[in-house]
Each structure stands twice: as structure tokens, then as C-alpha cells.
Amino acid sequence: MAEIKLEDIIKEENLVYKKSKVMTDNTLHYCPGCGHGTAHRLIAEVIEEMGIQGETIGVTPVGCSVLMYNYMDIDMQEAAHGRAPALATALKRTMPNKYVFTYQGDGDLAAIGTAETIHACNRGENIAIFFINNGIYGMTGGQMAPTTLPGMKSSTSPYGRVADMMGGPIKMTELIAQLAGTHYVTRQAVHSPRHVRKAKKAVRQAFENQKLNKGVSFVEIVSNCNSGWKLPPVEANKWLVENMLPFYELGDIKLNGELVNK
Amino acid sequence: MDKELRLMKGNEAIAEAAIRCGTDAYFGYPITPQSEVIEYLMSEKPHERTGMVVLQAESEVAAINMVYGAAGAGRRAMTSSSSPGISLKQEGISYIAGAELPALIVNVVRGGPGLGTIQPGQGDYFQSVKGGGHGDYKLIVLAPASVQEMYDFVKLGFELAFKYRNPILIQSDGIIGQMMEKVELGPQESLRTPEEIEKECPWATTGKKQNRERNIITSLELDAYKMEEFNLKLIEKYKKVQENEVRFEKIKCDDAEYILVAYGSSARIAQKAIKLARAKGIKVGLFRPITLFPFPIKQIRELIPQVKGFLSVEMSAGQMVEDIRLAVNGERPVEHFGRMGGVIPAAEEIVTALEQKLIGG
């Protein structure tokens, strides 16, 4: 039997995946199976493919992705909790030719940062907002988020979320799609290769739109939180399909400034 | 060239100075008694005059975070507000200090606490000089006592902000903001070009160039020892500020046996009080701190040998008086006289307080 040598296998023509140059070599701190890593990668790949690494400024939130700047090889600012759209507004207005995006979780964007989100969208700031919705506060240890589903258990809704008492989950993406300042609003997911490919197209669209100067591009990515949901990665993705997606329906909500009829 | 003189409100002087000294961006939210700042800016179309961005934000919180964003990109960014609004901005101010960014904040102080009053006050001294937001940090605090100083301190504020990479606070009050005085205007400066900004601020998030590492603006450090190292670095910076940036004014202090210590509007009224007291034969001088941080500790101590006592005059329950007492360190009596709630003290009241509290008559 012929000896198998690694160098015979690892060749340029056999490569099916390569880490984007826009991602650093730092080890991700995310839990195994978490969707953040995939979402980061998509943004990095799009920046690399568009050749805008030197023209892009990102704003990170408070939450699990607070350290996103460790993983992206671009200029970044770390905002206070919920304030990323305010920073992005100022960055874009003082540097209108740059590409500016925020990356925010559901607690950051849909709870404490509601005012900043809605008003940046309403003003039609020419930025991209990437909204990672996993229905829970991950970093602080699995507390109820504005997007937590009814009945869903968290450390601050230990018997399940009771909508009558705690309010129901907020659909921020549908809400901001109503605002005249949003140009492109879509909801995507990253739990399967098919969804990852679609999400990447949405990320690309959001960056491309900044050339048009027509307002906010808003991409929600429904994601998982294995630790917060207390499920192994594969089961978490199954739970996402069975519970999150029926409520947070995937697809485009607004295209070219027009609401999509469903 | 002839001097360019204009009769202006203090708030308008802030706005005109911002345009003239090449401010890149102003973000604000209306609140009495300082709304003229953003009103004036909007009416002046600064975008046409210089390219300056002026935006009315959805809240004071958003406005200061916009300042944070623009400052991170090396821009000369500022905001203004009044006391309750400044309370809201404290989160952002702490982040800006923690990220070591230059920024200018103007507080046209009104009486408090809570919603308080729309009349002038000086009750924000503690908030301004002792931190205000969370964590160990300091602002450089400039206290104008005239409309001219309102104008001049905008440019000075930005110079200090970029020199030390630290937020600067102009601590004004409702009197200085609203009153009209003659102002000598400076020349119109143009905005720095993006290339000039990149050169002046190599740390700014202006887009990662091939020849440099990525720039990250953050105040986060999870390693306790590194965080402490950063805290120590900030302390060193504030020490340098204390050594180099103390500003003050002395009026009739040479032969004074008693010293009134007052800043801002109170210093204006105290000047009148000195005249009244001297007419009565009391040798009184005025010491006016212009920087509230760094506080003129050394300069106040230098007066100790010649004087019998100090009277702090403030439109507050007595805040700056604590810093005067720390400076004097028990070597002379230090008393406080103040009115609150938007009540403006009369010069006669100050003289009476001086007589009763220090001279003993």
C-alpha cells in the first residue's frame, strides 16, 4: 500500500475553504457551535471580496461579540451597550466615502439600544446594521432578551417567558422595515450551509448598498446560543429550526426601499 | 486688519466659535438654557460654511455617543447640553475618557437636582470635576466668566483635547449662556483634510491602510493587571495636566486680607462685591479658578501667608469649597456662601456673608 503524504493532499487545487485575510489569527472566544463565528466570517469574506478592507469601519456592541475587533483586521470602535448606531452615524457622516457597519446582538439592538436603532434607521443613515438574534443574553449568562420566545426558559425567566407578565418577543426587523429611512431589510440564518450562502449574499448586498446612499441596510441573522439554550450545537440548530424560525420568518422584508408582499 | 466684533449671547458664541475653529461635527439635543447653540448652528448652515456636520440627535445619550464615534475617527467633535442632559451623557463621557479620545462637551448649568429649574446654577461642580460617570477618570474643566471666554474656550478646549487625548468640559451656566456681550471673533479656519487628520491622529479609525496595524478604539480590558496599568497611565496624564494646565485670574489680591474664590457668573458678581467691600475699608481680592480641574491648588496656597480667610462664592450648596479647603488644609478658615435654585446672589449679600462668616461683625 502506498504511503499517504499530507503534502500530496494539501495543494492549492484541493482547497475548498480558505480563511479570509480580513480575519485575524486570534482564536475565537465563542462557544463551540455558536453562530457568531460564521457571521463574522461572512462579513470578513465580503469585505475581502469587495476589496474594501482599508475603507471599512466596524462598530462592535456590548454582548458576546464585544471582542469582534480581535477577529477582524479592520479599524473598529467598541460602543457602549446599544449605542453602536449612534457611533456609526457619526462615522459615516464625517467620512461619507467609507463603508460603516454595526454588529449588534438582540439585547444591544432591540432592548437598550432601541432608540439609537430606530432613529438611525429613521434618519436613513447610509450604514449597514448586522443584527444577531439568538433570543437570549449570552455574555451575561443566559438572561431573558427582548427576543426570547414565549415559554422559553432563561435565567431571568426560569419558568419560561410569560408574555402577559414580561411582554412578548419584539420583531425589531419588521418594525424598522416600516421606517422610510431603511432601504434593504432582510432576515437570514446561519445554521446550515444553504442558509450561510444566502446570508452571505445579504451581507454583500448590505455593503454594496452603501454606494447608493439610500439609507440603512439591515440584516438580521437568526442564530443559536448553545450555552444559553443549554443544548448541544446540533440540537440547538434543530431547536432553532423548530422554534425560532416559525416566529422569526426568514426572507426579505424590504427590497429597494419597498416592503415585500408576502 | 480691523477686529471683528459682534454682540452675542454666550450660547451663540460657543456655536460661532465651533464653526470658526474648524470643528468637524456637533451633535446635540435641545434643552434650556442652551438650545441656542444648536439653533444658531442650524441657522448658520455650517455644512456650507466649512463642511461641518451638525445633527440633532434623538437624545443626549445618542448625541454623546455620536461624539464618541466621530472622535474615534480623529474628528473635532463636540456636544452641548445643560445639567439633566449632562447627567445622561455621563456614560458616553466615561467611555470617551476610557478610550482616550479628544472631545469637547459644553454644560450650560442650571439649578438641580432632578429636573430642577431652568434658571442658572453651579451645582454641577462635583459632577464635572470628580468624574461624573463611572470609573477613575477626569475631565479638563474650563469655566468661562464672559461671553468672550465662551468663544475662546472652544478653540482652547479642542487644543487641550487633542494634546492630552482627553474629553474637555466647558462648565458655563445659564447666565453666561444667555447674556449678551461684545465678542472679538477669530479668523475662519478650514476643516483639516482627511490626510491631515490621519497624520495628526494615527490612532484614528479612518480605515486600515496597508502600512499600519488596524486601529481599535475601546475602553475594554479584561486582564486586571493590564487594566490597572492603564489606570496608572491615566493618573500620570492627569498629573501632567495638573502641572501644566492650571489657569486662573487674580483681581486685587496683592494687598488682600480676605479672598473671595469664585468661578463663572459668581466671579462676575464677586467683582462687584470687592468694590463694595473695599469702599467699606475691607481689603478683599478675588481668586477666579479658570480651570476647575486642574484646580489651582498651588496658587491658592500661595495666598495663605497674607490672608485671614477665604470665602467660596458659588451658586450651589457648597461644592468647590471642598477643594479650597483641601488646598488650604486647615491653615486658614474657608467658608462658603451660596444661593441655589436659580437664585442669583447679590453683591451686597456676598459682603454681608464675608463680614458675618469671616470678619466677625
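Because the structure is predicted, anything quoted here is derived from the model rather than measured.

Criteria and thresholds
- Residues numbered from 1 in each chain as written.
- Chains lettered and ligands numbered in written order.
- Predicted model: local features only at pLDDT ≥ 70, side-chain atom pairs only at ≥ 80, totals over all residues.
- Buried ≥ 20, exposed ≤ 12 C-beta atoms within 10 Å, placed from the backbone.
- Helix = DSSP H or I, 4+ residues; strand = E, 2+ residues; numbered from the N terminus.
- Pairing = 2+ DSSP bridges.
- Right-handed = clockwise from strand over helix to strand, strands pointing away.
- Axes fitted to C-alpha atoms, helices over the stretch in contact; angles between N-to-C directions.
- Contact = placed C-beta atoms within 7 Å.
- Nonpolar A, V, L, I, M, F, W, Y, C, P; charged D, E, K, R; others polar.

> Before we go on, may I ask you to explain the pairing of strand β4 (residues 77–81) of chain B in this structure?
Regular strands place side chains that alternate from one sheet face to the opposite one. Residue and element names in this part refer to chain B. Counting buried positions along β4 yields five of five residues, so the element is predominantly enclosed. Both faces of β4 are covered, namely the face carrying A77, T79 and S81 and the face carrying M78 and S80. Two strands pair when backbone bridges link them, and strand β2 (residues 25–28) and β4 are joined in this way by two bridges, in the parallel orientation. Residue pairing for β4: Y26 is matched across the bridge by M78. Bridging between β4 and strand β5 (residues 103–109) involves four bridges; their strand directions are parallel. Residue pairing for β5: T79 is matched across the bridge by I105. One crossover worth recording links β4 to the parallel β5 by way of helix α5 (residues 83–98), and it is right-handed.

> Whenever I open this one, the pairing of strand β7 (residues 167–173) of chain B confuses me. Can you help?
All names here are of chain B. Here β7 lies mainly inside the structure; seven of its seven residues are buried. Of the two faces of β7, both are covered, the one formed by P167, L169, Q171 and D173 as well as the one formed by I168, I170 and S172. Sheet topology note: the β5/β7 ladder contains seven bridges and is parallel. Within β7, the residue paired with I105 across the bridge is L169. Examined bridge by bridge, strand β6 (residues 140–142) and β7 share three bridges and lie parallel to one another. In the sheet register, L142 faces β7, and the bridge partner there is I170.

> Before we go on, may I ask you to explain the sheet that holds strand β11 (residues 258–261) of chain B in this structure?
Adjacent strands of a sheet form backbone hydrogen bonds with each other and so pair up, either parallel or antiparallel. Residue and element names in this part refer to chain B. Taken in spatial order, the five strands of this open sheet run β10-β12-β11-β14-β15, and their pairing is mixed. The open sheet has two edge strands, β10 (248–251) and β15 (334–338), and neither has a second partner. Each strand of the sheet is rotated relative to its neighbour by a mean of 20°, with strand direction disregarded. Note: β11 against strand β14 (residues 309–314), four bridges, orientation parallel. Across the sheet, residue I259 finds its bridge partner in β14, namely F310. Here helix α13 (residues 320–328) sits on the sheet in contact with β11, β14 and β15, set at roughly 160° to β14. Lying over the sheet, helix α14 (residues 347–359) contacts β11, β12 (284–289), β14 and β15, oriented at roughly 140° with respect to β14.

> Even after reading the chapter, I still don't get the interface of chain B and chain A, so can you show me in this structure?
Where the parts come together, the accessible area they lose is often given as the size of the interface. Opposite the 32 residues of chain B that make contact, chain A presents 29 residues. Considering every element that reaches the side of chain B that touches chain A, the biggest residue donor is helix α4 (residues 60–72) of chain B, with seven residues. Across the side of chain B that touches chain A, the residue classes break down as 14 nonpolar, eleven polar and seven charged. Bridge analysis of strand β2 (residues 75–78) of chain A against strand β9 (residues 216–217) of chain B gives two bridges, and the strand direction is parallel. By the bridge assignment for β9 of chain B, M76 of chain A is matched with I216 of chain B.

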